[in-house]
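Listed here are the chains, written in short residue letters.
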Amino acid sequence: MQKSFFFKLLLFFFSIVAAAQTPKKPTASEIYHSLQKLNFVGSALYIAAHPDDENTRLISYLVNDIHAQTAYLSLTRGDGGQNLIGPELRELLGVIRTQELVAARRTDGGHQFFSRANDFGYSKNPDETFEFWNRQNVLSDVVQTIRKFKPDIIINRFDHRSPGSTHGHHTASAMLSVDAFDMVNDISKFPKSASKYGAWKPQRLFFNTSWWFYGSQEKFEKADKSNLVSVQTGSYFPALGLSNGEIASLSRSMHKSQGFGSTGSRGMETEYLELLKGSMPSENNLFEGINTNWSRLKGGKEIGSILNPLQDNFNFKNPSEILPELIKAYVLISKLEDKHWRTIKIKQLKQLILDCGGIFIEAASEENAINPKKDFNVNIEVINRGTTQVILNSIKKVDGKIIWNQSETLPYNDNKKITVSLHAEIQDPPYSSPYWLNEKGTLGMYNAPEKLIGFPETPALEQLVFELKFGAITIPFTKNIIYKFNDPVKGEVYRPLEVLPEVTASIPEKVLIFADNSSENVSVIVRAGKDNIAGNVSLQHPKGWKVAPAQQNFQLKRMGETQSFNFTVTPPSNQSEGYLKAIVNAEGQVYDKELVTIDYEHIPYQSVLLPSEAKVAKIDLQKKGAHIGYINGAGDAIPESLKQIGYTVTTIDPSKIQEEKLQDYDAIVIGIRAYNTVPELAFIQPILNKYVENGGTMIVQYNTSRGLVSENIAPYRLKLSRERVTDEFSEVKILAPENQLLHTPNKITQKDFEGWVQERGLYFPNEWAKEFTPILGMNDKNEAQTKGALLVANYGKGYYIYTGLSFFRELPAGVPGAYRLFTNLLSLGN
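Keep in mind it's a predicted model, so treat the numbers as computed, not measured.

> Which residues make up the side chain of serine 538, and what values go with them?
On the secondary structure map, serine 538 appears in strand β25 (residues 533–540). Every residue in contact with serine 538, bar those within four places of it in the chain, is listed here: Ala550, Gln551, Phe567, Lys581, Ala582 and Ile583.

Okay, here's the thing in structure tokens:
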């Protein structure tokens, strides 16, 4: 089993096609483009911190103009970002952004890798970053990726010499790349990866600079560029019908969750690279002095003598003409001593053989999801649409078990269809869920199995090997088993074949706040992952909490069927927090996972298994007032959080606001970034000010300092800045200890600032009128204290509050102190 799994990993590593995408059916021009890539024997690795950090113009240039084997190593999966297309955040957003990067590489032709680093949120400098990332482990991942991919040149997106000038993750990625460049050829450094992949010596290390790093275009034009290499990346590729800029924009537009849709560009464009290590190339040729021909490899000269003329004499009307020569080359490439390039070139060549021969192979399961150890049917389709004689010799599982071996010639354009029954073996990992989420990690690091470190996604667990015979030569082609169906609107839809548990359970409410000693009903939904399953479900709870009944029985007849159960949960009398966990017992097994599905058109369908749990918190909470008006901004879950503690929350449409109606609210809250995203606020600010003047309480949450719809966001002078405190553990100092915000109705102490997540706050004001009172002081390490996190001012009979504290993160995370403080803000004046 281990041997077959390793073989699958090896195949998967060099595949740029995401699982269960609609199979690519290339044109003759695209086949020619693939032939050009086959004849280039060189590689480049681009390194940065996050999805969307990569320069798609340069990656596309390297892939499609230079024809180099090119990859992007993103140290994180972007879990700490925002999501502009849906509700998913943190781990689920990381799954989306992972797939967006894979889709971007599928578009520009590159490969994608990751480290185990977790995007825990913004950090100001690399020192802070390395407090959360395990520096040695991430460096080990970078070294392993370089040894595994063996790039001739490495390109950093960011400058390793300017800590504090950009996101700490950015600088950290460059620092680790510089360190790794000097280590990868030393087998005493990280000996495990050296033993597995060998030492490697990249020839050059660059920093992909631009005017942005110089402060302005004017400064960049005046700068000394003697150590810079400039490359023209605006080429037009007739074989593809696209310019490099157009391909790059299509690739960048895959980052839809971050709102990075990009318009294609045409015409000449220049990229600049500063040489950090290695020899300066002449004539702006990044691969100057590096042999990128077949002669680079022992035994490669003969291969080049076969393949290079095919490129020069390619017949766009009949690509199948070159099939006999490709078969000859296959025999020689299979004998190459260089295992690394042998694996890469065999993969490229086998796809070319299928494309030139017009050979289509597909294995489609009749079910979209199966369980380990289950039998399932697969419909196989093989067709030869070319003129070369092809024999389907056999169909096997990856472990060598023969499924079909009748050895039949594939007649021209005659569809061969076979239905076979397979048995799903228990794999490692056992399920198709993202592998980096299988085990609990830390705030800064994912816990990934050693054999999967660097992989963009979990490899397909079910594959078949098709042995095709061309004359005397038999070639194996490995295909993932997929699932497909016909949609009345979309037509043929492809999805991954997923291996999932027999049963899952979920607690829909992820954070449950108990503001008093009253019991509450908690719903648990049990979902069948197979037909006819029965068992019981219970709720594991923290000490001091009570749950009734102890367990409930279920019986589900059909796969996908669900059943809901209510449990009565009673909190302890004292303040307490912990987790409820749904535990299912069925068929002698214990199941504790929730199934979450992600379905967006630009990425493959995702099934994610997460711990089936919900945070519970009993909070010593008093509140005044009952009816809150909420003006939505860029999107947050504050209204839902307030409803949990007993407030009635009404969404206010800013385009229909009426002054006399506002007096019905005990407080009005403005959502995050509303003054960046809601144009109507520029016109209704006088009405909101009047509400405060007449005795109301208004709370404005954070806005970015740029792009405000109006500078007048308060009744008094208030200027926003880029000041933020990213360390959620930083000390908070009470600046106005007697202010009623800290005493009524809840007495706020240092304990209320424990357990905060991701950050303290962001975009604090740094200038304000004397009418404002700063309440809290805080700062990141080695920085001056900021005082703009929470400001309050009397205006007329009421109160205006501005806060950059990240309540939009803390309340949905169930942080008790954040609830107590926010309740005090709402209660002011009531």
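The rest of the description comes next.
> Can you explain the pattern of salt bridges? Please cite residues and give values.
A full pass over the atoms with the stated rule returns 39 salt bridges. The shortest N-O distance in the salt bridge between arginine 105 and aspartate 108 comes to 2.7 Å. Taken together, the residues span about one helical turn, with arginine 105 and aspartate 108 both in helix α4 (residues 90–108) at a distance of three residues. The class of arginine 105 is buried, set by a relative accessible area of 2%. Of the charged contacts, one joins lysine 451 and aspartate 428 as a salt bridge, the two residues approaching to 3.1 Å between their closest N and O atoms. A residue pair is termed long-range when its members are at least 10 positions apart, and lysine 451 in the loop between β16 (416–423) and β17 (463–470) and aspartate 428 in the loop between β16 and β17 qualify at 23 residues. Judged by its relative accessible area of 22%, lysine 451 is partly exposed.

> Got a sec to walk through helix α2 (residues 28–38)? Specific residues and values, please.
The set of residues buried in α2 consists of Ile31, Tyr32, His33, Leu35, Gln36, Lys37 and Leu38. Summarising the contacts, the buried residues of α2 are in contact with α3 (56–65), α11 (300–312) and α13 (339–357).

> Before we move on, can you summarise the pairing of β25 with the specific residues and values?
The buried count for β25 comes to six of eight residues, which makes it a mostly enclosed element. As paired elements, β25 and strand β27 (residues 551–556) share six bridges and run antiparallel to each other. Among the inter-strand pairings, glycine 535 is bridged to a residue of β27, identified as phenylalanine 554. For β25 and strand β29 (residues 576–586), the ladder comprises six bridges, and the chain directions are antiparallel.

> Could you give me a rundown of the sheet that holds strand β10 (residues 359–365), with the residues and numbers involved?
Spatial ordering of the open sheet is given by β16-β12-β10-β19-β20, a layout of five strands whose pairing is mixed. Where the open sheet ends on each side, the last strands, each with one partner, are β16 and β20 (491–496). The mean inter-strand angle of the sheet, taken between neighbouring strand axes irrespective of direction, is 40°.

> Could you give an account of the pairing of strand β33 (residues 613–618), with specific residues and numbers?
β33 sits mainly inside the fold: five of its six residues count as buried. Of the pairings in the sheet, the one linking strand β23 (residues 511–514) to β33 comprises four bridges and is parallel in character. Looking at the pairing, leucine 512 lines up with valine 616 of β33. As paired strands, β29 and β33 are joined by six bridges and run antiparallel to one another. Each residue of the ladder has a partner; that of glycine 578, found in β33, is valine 616.

Parameters at a glance
Residues numbered from 1 in each chain as written. Predicted model: local features only at pLDDT ≥ 70, side-chain atom pairs only at ≥ 80, totals over all residues. Heavy atoms only, no water. Helix = DSSP H or I, 4+ residues; strand = E, 2+ residues; numbered from the N terminus. Contact = heavy atoms within 4.5 Å. Salt bridge = Lys/Arg side-chain N within 4 Å of Asp/Glu carboxyl O. Buried < 20%, exposed > 50% of the residue type's maximum accessible area, 1.4 Å probe, protein only. Pairing = 2+ DSSP bridges. Axes fitted to C-alpha atoms, helices over the stretch in contact; angles between N-to-C directions.

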